[in-house]
Each structure stands twice: as structure tokens, then as C-alpha cells.
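Analysis of the macromolecular model
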Amino acid sequence: MENQTLVKEICPTTTQEWVKNGALLVDVREKDEVAELAYDVPNIINIPLSEFEERFNEIPKDQDVVMVCKGGGRSLRAAGFLVNHGYTNVVNMQHGIARWVQKGFPTKGNTSVVTGGDSCCSTSGCC
Amino acid sequence: MTQIKVLGPGCPKCKTTYSNVLEALKQSNIEANVVKVEDIEEMMKYNVLTTPVLMIDEQIKIKGRVAQVNEIIELLKK
């Protein structure tokens, strides 16, 4: 989505493969957004972007990590932040949970919150 | 000359911050170079998570919210 070279980006379909291979998903959406609609995968943690600087150490450096959000914009910035802090196994998932839902991949909650538009940025933590 | 950067992907809050910077310079008669940084790679170099970000002379002064005209003037006078 964004033209940049710092962070490797993968699509939701490829993310499925990463999940099968044991990757950890890190959802950087805010807690209220996750309460409405969440990714339904085995290994996932929620570190909202608003808390990310204080909590990024919770993310293991020795595991494959896929950063996710609503549209792929916030997670890209968080992934860049991790790369700048020495993480080497981090990728960003493009298009976020909006595309994830379109593809019919598993979620928990109300999918209508992401089917109304394709904005990359939501309430807090972004613009 | 003072260097001011407004970092953000072009969202309404980023545009407001940018116009507030211009207004602050106008009101205070301070001269500065103002640059709008919308390139995501450039933003990531500064480890920016929440936007908009106001930078003065390469230091992050305000992040994650709109910088108001009065506070920009105060920051410029420091």
C-alpha cells in the first residue's frame, strides 16, 4: 500500500500461511476497536498504538511477527518502529482487518464496522 | 534559521497542524523553513507512531495531536 522499503509487507492471504507456521500477530488497534471486532487466530496480542512505545518490549525478538491493524497504515508505522529497534522478523500485513474480512478469514465480533469504508486510519492513534 | 517539520500522512489533523504553524509564524513574525513530511519511509526514520508530529530543529515537540497556534508560538520563542 505505502511506497516504502524499510518494512516487508504481506497480504492477508500470505498472513494465513505465517499464522499456520506459528507467527505471532500484533494488533495495534485501540482496545475499543478490538472489542468490536477481533482477529480470530491462535497467537495474537493487542498493543494499541497509543501504548506502543511503552509496551513494544512485550513482542518477542526470536519469533516471526506480523503487525496488523484496521487498514494497514498504523501497523506499518509500528513495524517500522520495531525494525528501528532491532527486530528482524517483523512484517506488516497490508490492508488490515478490512481486507481480512473481505477475504472471509476468521474474526470475532461485528464485521459491519469495517465493511462501511476503506479508511486506513481510525479514531485514536492516527488521524 | 529555524527548521520546522510537520509529519503526517496528509490527514485533516496534519493539515490543521501545518496551517497552524504558518499562522504562528505570521503572528509572531518569526522566520522559519517549514516542511511537510508525508512520506511514510521518511516518517519511520523518526520512529513516528502517532501523527501529526511537530518537529522544531529536528526535535519532536508535539505528537499525536494538533499543535495549537499559541503553543507553537511558545515553542518557537524558547
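Since the model is a prediction, treat every value here as computed from it, not as a measurement. (Residues numbered from 1 in each chain as written. Chains lettered and ligands numbered in written order. Predicted model: local features only at pLDDT ≥ 70, side-chain atom pairs only at ≥ 80, totals over all residues.)

1. Remarks on the environment of A:Gly109
Residues and elements named next belong to chain A. This is how the line gets drawn: A run of H or I in DSSP counts as a helix once it spans at least four residues, and a run of E counts as a strand once it spans at least two, with each numbered from the N terminus. Counting other C-beta atoms within 10 Å of each residue's C-beta, where C-beta atoms are placed from the backbone, gives the exposure class: buried for 20 or more, exposed for 12 or fewer, partly exposed between. Note on contacts: residues are paired as contacts if their backbone-placed C-beta atoms lie within 7 Å.
Mapped onto the secondary structure, Gly109 falls in strand 7 (residues 107-109). Residue Gly109 is classed as partly exposed on the basis of its 16 C-beta neighbours within 10 Å. Sequence separation between Gly109 and Glu36 is 73 residues, and the spatial gap between their C-alpha atoms is 5.6 Å. When neighbours within four sequence positions are excluded, Gly109 is seen to be in contact with Glu36, Leu37 and Ala38.

2. With respect to the nonpolar core
To be explicit about the condition: Residues of type Ala, Val, Leu, Ile, Met, Phe, Trp, Tyr and Cys that are buried and joined through C-beta atoms within 7 Å form what is called a nonpolar core.
Counting residues in each nonpolar core, the largest one holds 48 residues, and the members touching the most others are A:Leu25, A:Val26, A:Met67, A:Val68 and A:Ala78. Ranked by residue count, the leading element in this core is helix 4 (residues 73-84) of chain A, at five residues. Here A:Ala78 is in contact with A:Val28, A:Leu49, A:Phe52, A:Met67 and B:Leu49, once residues within four sequence places are set aside.

3. Quick notes on the sheet that holds strand 1 (residues 8-10) of chain A
In a beta sheet, neighbouring strands are held together by backbone hydrogen bonds and run either parallel or antiparallel to one another. Residue and element names in this part refer to chain A. The cut-off we apply is this: One requirement defines pairing of two strands: DSSP has to find at least two bridges between them. Helix axes use the C-alpha atoms of the stretch in contact, all axes being lines fitted to C-alpha atoms, and the angles between their N-to-C directions lie in the range 0 to 180 degrees.
Pairing in this open sheet of five strands is parallel, and the strands run 1-6-5-2-4 from one edge to the other. On the outer flanks of this sheet lie strand 1 and strand 4 (44-46), each paired with one strand and no other. Here the strands of the sheet are splayed against their neighbours by 30° on average, with no regard to which way each runs. Pairing of strand 1 with strand 6 (residues 90-93) involves three bridges; the strand directions are parallel. Note on strand 6: the bridge partner recorded for Lys8 is Val91. The strands that helix 1 (residues 12-20) touches are strand 1, strand 2 (24-27), strand 5 (65-68) and strand 6; relative to strand 1, the one it contacts most, it runs at about 100°.

4. Topic: unusual backbone geometry
Residue and element names in this part refer to chain B. With an omega of 0°, the peptide bond running from Thr51 to Pro52 counts as cis. Here Pro52 lies in the loop between helix 2 (40-45) and strand 3 (53-56). If you check the backbone angles, Asp57 has positive phi at about 50° while not being a glycine. Along the polypeptide, Asp57 turns up in the loop between strand 3 and strand 4 (59-63).

5. A few points about the interface of chain B and chain A
The cut-off we apply is this: Think of it as three bins: nonpolar holds Ala, Val, Leu, Ile, Met, Phe, Trp, Tyr, Cys and Pro, charged holds Asp, Glu, Lys and Arg, and polar takes everything else, Gly as well.
On the side of chain A, 19 residues touch chain B, which itself brings 16 residues to the contact. When residues of the side of chain B that touches chain A are traced back to their parent elements, those giving at least two are helix 1 (12-28) and helix 2 of chain B. Of the residues forming the side of chain B that touches chain A, the biggest block, four residues, is contributed by helix 2 of chain B. For the side of chain B that touches chain A, the per-class residue count stands at ten nonpolar, four polar and two charged.

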